[in-house]
Amino acid sequence: MTSRIHAPHTTCPSCKEEVYLDELVGGRCPLCGCSLEKSEAEDAEFDEFIGRSDLSWMVFQYFFFKKLDRLGAHPVQIMQLISRYEEQLSAGEKRGGQVPVNIEIPFRLFERILPKKCAVCGVRFIRGGKKYLSGSLRSQAFGVRHVCDGCAGSEEGCEDTDE
C-alpha cells in the first residue's frame with residue numbers, strides 16, 4: 001500500500017473534506033458534487049507564483065541581502081541591485097551575469113580615523129569621503145574603495161588638494 005501524503009489534493013468548499021485531484025469526477029467533488037473549478041484556478045495562480053520565484057532564487061536573495069545588510073548597505077540599494085540582476089536574467093542575457101555592484105556603505109567607527117586613499121584621484125584623506133563596495137555578482141569577493149569628498153561630488157575627479 002502506498003502513501004498519498006505527497007499527492008496533490010485540495011479541500012472541498014462545500015463538504016470541507018480533503019479530496020485528491022485524481023479522484024475528481026468531471027471537476028467535481030466525488031462526495032457532494034460541488035464544483036472545484038474555482039479552487040483549481042486559485043491553485044494554478046499559486047503554482048504560477050511558485051514557478052517564478054523558486055526556492056533557490058529566494059535563498060540566494062536572502063543570503064545576499066543578509067551579507068550586504070551586515071556590511072551596512074541601505075536595504076533599498078540592495079533590493080534595486082537584486083531586481084536589476086533578476087531583470088537581466090529574465091531578459092535572457094547569458095553573458096555570465098556580470099551585474100556590476102557599486103553600493104555605498106558607511107564607515108565603521110575605527111575606519112573613520114584611519115587614513116584612506118581616494119580610488120579616483122589618489123589623494124590621501126582622513127575625514128569625510130565615502131566608502132563603496134564594488135565588484136560583480138558573479139565573483140565571490142567584493143572590493144572596497146574609498147572616494148574623497150571632491151571626487152564623490154563629481155564623476156571626472158577632483159583637483160589635487162592638500163588636506
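Scroll up to find the structure.
What comes next concerns the included structure. (Residues numbered from 1 in each chain as written. Predicted model: local features only at pLDDT ≥ 70, side-chain atom pairs only at ≥ 80, totals over all residues. Heavy atoms only, no water.)

## Quick look at the packing of helix α2 (residues 55-71) against helix α3 (residues 75-90)
So the rule is basically this: Here an angle of 0 to 180 degrees is reported between the N-to-C directions of two axes, which are lines fitted to C-alpha atoms, with helices fitted over the stretch in contact. Strands here mean DSSP runs of E at least two residues long; helices mean DSSP runs of H or I at least four residues long; both are numbered from the N terminus. For any helix crossing, the convention is left-handed if the near helix is rotated counterclockwise from the far helix by under a right angle, and right-handed if that rotation is clockwise. Should any heavy atoms of two residues lie within 4.5 Å, those residues are considered in contact. Polarity classes work like this: nonpolar for Ala, Val, Leu, Ile, Met, Phe, Trp, Tyr, Cys and Pro, charged for Asp, Glu, Lys and Arg, and polar for all others, with Gly in that last group.
At a minimum axis distance of 10 Å, the contact between α2 and α3 shows a crossing angle of 145°. Considering only the axes of α2 and α3, their crossing is right-handed. For the pair α2 and α3, the contacting residues are Trp57, Phe60, Gln61, Phe64, Phe65, Leu68 and Asp69 in the first and Pro75, Ile78, Met79, Leu81, Ile82, Tyr85, Glu86 and Leu89 in the second. Looking at the contact of α2 with α3 residue by residue, the classes come out as 12 nonpolar, 1 polar and 2 charged.

## Concerning the pattern of salt bridges
Inclusion rule: Within this document, salt bridges are pairs made up of a side-chain nitrogen of Lys or Arg and a carboxyl oxygen of Asp or Glu, the two lying within 4 Å of each other.
Applying the stated criterion across every chain yields a total of 2 salt bridges. When the shortest N-O distance is used, the salt bridge between Lys131 and Glu111 registers 2.7 Å. Within this pair, whereas Lys131 is found in strand β6 (residues 130-136), its partner Glu111 is found in the loop between β3 (100-105) and β4 (116-117), the two being separated by 20 residues in sequence.

## Quick word on α3
Put simply, the test is: Given a helix with a known number of residues, its expected span is that number minus one, times 1.5 Å. Exposure categories follow from relative accessible area, calculated using a 1.4 Å probe and restricted to protein chains: below 20% of the type maximum is buried, above 50% is exposed, and the middle band is partly exposed. The directions considered for the arc are those from the helix axis to the C-beta atoms.
For α3, built from 16 residues, the straight-helix expectation of 22 Å at 1.5 Å per residue is met to within 8% by its first-to-last C-alpha distance of 22 Å. Every buried residue of α3 is listed here: Ile78, Leu81, Ile82, Tyr85 and Gln88. Buried residues of α3, seen end-on, are gathered within an arc of 120° and therefore sit on one face of the element. Turned more than 90 degrees from where α3 packs its buried face, Gln80, Glu87 and Ser90 sit exposed. Check the buried side of α3 and you find it contacts α2 and β3.

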